[in-house]
Amino acid sequence: MTKYILVAGGAGYIGSHAVRKLKLEGYTPVVFDNLSTGHIQSVEEEIFFEGDVRNESDLDLVFSSYKIDAVMHFCANSLVGESMEKPELYFDNNVMGGLQLLKSMLKHNVKYIIFSSTCATYGEPEIVPITEKEKQLPTNPYGESKLMFEKMLKWFDICHGFKSVCLRYFNASGADDEGVIGEDHNPESHLIPIVFQVANGQRDYISVFGADYPTPDGTCVRDYIHVYDLAKAHILALKYLFAGNDSDAFNLGSGDGYSVHEIIANVEKQVGHPIGKKMTDRRAGDPAVLIGSSEKIREKLGWEPSYNLENIIKTANKWHSTNPDGYV
Ligand code: UDP
């Protein structure tokens, strides 16, 4: 019998790719999204509820309509820079909304949850690549809000027997291979989509946020991971919980780091022309280097990435060149 998976935030960038993957694996996704940043166009023929995780009655409707077996929790505000300007938004949606979701799960007796956590919970790591043993000391409210939810999950396990997997994402990137769904934020603030906006003539240049970091070329280094490799990890995590395993947290990175200049150079190579760039000040809250060790998830869940940087940029190129205005 099919299992019903509530995908909270299932119309968003990562959630919509997870929904596709769930369907391919024989699960029935139940998509829940307030469409504040998600796109109704990314919701295909699946079950859909428009609602907000901060609203108990919205959640009651979903949980009483379907016998949900597990929850994947993607809904969140997720911009480091914005979180430094509006921390209240992050604590409201990511912490209060998360708590409401847990309370509703408790009320409706659903005890499995996969959580979209982040490498931003580590702050400025002491050792790179970062392992799960690294201290979690966030340098921005976004990371702090995600860490607070991780802590809630720990106590919901101890006190209520909730079983959870926290997946600490590094930089989600790329798009569906066919270019059907992809990355579209409004306003756009992520590196790869902005580089493509410059490549497609929609912007004159990309602002490189800081060229004075202690890195080989002075720009920030990040670990880019394809959105379907993330989705694949969610399926493995789901199976791991359904098999009766204990709650755990895993990094989800490739183990390779690329600087802002290297990303721009890679896009230039694939589109075949130079991309305008300007050096600007650092963006508040940005650590210099974030690279994740994925040893633990490889060993315990048997996960491995299928996409390297070339393929990530290739799928992003397909999405942005066929959908230059995103979802319209
Ligand atoms: N970045 C940049 N210019 C931009 C957007 C991002 O230089 O217009 C840099 C940013 O400082 C970070 C990296 O690109 O070092 C990735 O940023 P993004 O916002 O894509 O993801 P984040 O690391 O914040 O999750």
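Structure first, text after, so check above.
Treat the numbers as computed from the prediction; the structure is a model and nothing was measured.

**Q** Can you walk me through the site of the ligand in this structure?
**A** Residues in close proximity to the ligand total 16 residues, the closest being Leu191, Ser207, Phe209, Arg283 and Asp286. Contact distances for the ligand include 3.0 Å between an oxygen atom and a side-chain N or O atom of Asn171. Backbone polar atom of Phe209 to an oxygen atom of the ligand: 2.9 Å apart, as the coordinates give it. Taken by itself the ligand offers 510 Å² of open surface, and the protein chains cover 90% of this. Only α6 (191-199) and β8 (206-209) provide two or more residues apiece to the shell around the ligand.

**Q** So what exactly am I meant to see when it comes to the sheet that holds strand β3 (residues 47-50) here?
**A** Consider a sheet: its strands pair through backbone hydrogen bonds, and that pairing is either parallel or antiparallel. Strand order in the open sheet made by the 7 strands is β3-β2-β1-β4-β5-β6-β11, with parallel pairing throughout. Two strands in the sheet have a free side with no partner beyond their single neighbour: β3 and β11 (248-252). Taking the axes of each pair of neighbouring strands and ignoring which way they run, one obtains an average angle of 20° across the sheet. In the sheet, strand β4 (residues 68-73) pairs with strand β5 (residues 112-118) via 3 bridges, with the strands oriented parallel. Paired with His73 across the bridge in β5 is Phe115. Relative to the sheet, helix α7 (residues 227-242) contacts β1 (4-8), β4, β5, β6 (163-169) and β11, its axis offset from that of β6 by approximately 160°.

**Q** I tried to follow the pattern of salt bridges on my own but got confused; where do I start?
**A** Side chains that differ in sign of charge can pair as their charged atoms come close. The tally for this structure, following the rule as stated, stands at 19 salt bridges. The shortest N-O distance in the salt bridge between Glu126 and Lys135 comes to 3.8 Å. One salt bridge connects Asp248 with Lys300, and the closest N-O pair in it is separated by 2.8 Å. Here Asp248 is found in strand β11, whereas its partner Lys300 is found in helix α9 (residues 295-301), with 52 residues between them in sequence. Counted as one network, the salt bridges with shared partners bring together Arg20, Lys23, Glu44, Glu46 and Asp176.

**Q** Is there a simple way to think about unusual backbone geometry in this case?
**A** The bulk of non-glycine residues show a negative phi, and the bulk of peptide bonds are trans. The residue after Val128, namely Pro129, is reached through a cis peptide bond having omega -5°. A cis amide bond links Asn186 to the next residue, Pro187, at an omega of 0°. For Pro187, the position within the fold is in the loop between β7 (171-173) and α6. Here Leu35, not a glycine, exhibits a phi torsion of approximately 60°, which is positive.

**Q** What is the right way to read the packing of helix α4 (residues 87-107) against helix α5 (residues 141-160) from this model?
**A** Packed helices, taken two at a time, are described by the angle their axes make and the gap between the axes. At their nearest, the axes of α4 and α5 sit 9 Å apart, and the two run at 20° to each other. Comparing their axes, α5 and α4 come out roughly parallel. The element α4 and its partner α5 pack so that their crossing is right-handed. Of the residues in α5, those touching α4 at Pro87, Tyr90, Phe91, Asn94, Val95, Gly98, Leu99, Leu102 and Leu106 are Pro141, Tyr142, Glu144, Ser145, Met148, Phe149, Met152, Leu153, Phe156 and His160. Tallied by class, residues from the contact of α4 with α5 come to 14 nonpolar, 4 polar and 1 charged.

**Q** Please clarify how the environment of Leu230 should be interpreted in this entry.
**A** Residue placement: Leu230 occurs in helix α7. Taking the C-alpha atoms as reference points, Leu230 and Ser207, separated by 23 residues in sequence, lie 27 Å from one another. For Leu230, the contacting residues outside a window of four places in its chain are Ile14, Tyr169, Ala172, Ile225 and Leu252.

Reading the values: rules and limits
Residues numbered from 1 in each chain as written. Predicted model: local features only at pLDDT ≥ 70, side-chain atom pairs only at ≥ 80, totals over all residues. Heavy atoms only, no water. Near = heavy atom within 4 Å. Polar contact = N/O pair within 3.5 Å; in protein donor to acceptor, adjacent residues only side chain to side chain. Areas by Shrake-Rupley, 256 points an atom, 1.4 Å probe, with all protein chains shown as cover. Helix = DSSP H or I, 4+ residues; strand = E, 2+ residues; numbered from the N terminus. Pairing = 2+ DSSP bridges. Axes fitted to C-alpha atoms, helices over the stretch in contact; angles between N-to-C directions. Contact = heavy atoms within 4.5 Å. Salt bridge = Lys/Arg side-chain N within 4 Å of Asp/Glu carboxyl O. Parallel < 35°, antiparallel > 145°, perpendicular 65-115°, else oblique. Left-handed = near helix turned anticlockwise from the far one by under 90°. Nonpolar A, V, L, I, M, F, W, Y, C, P; charged D, E, K, R; others polar.

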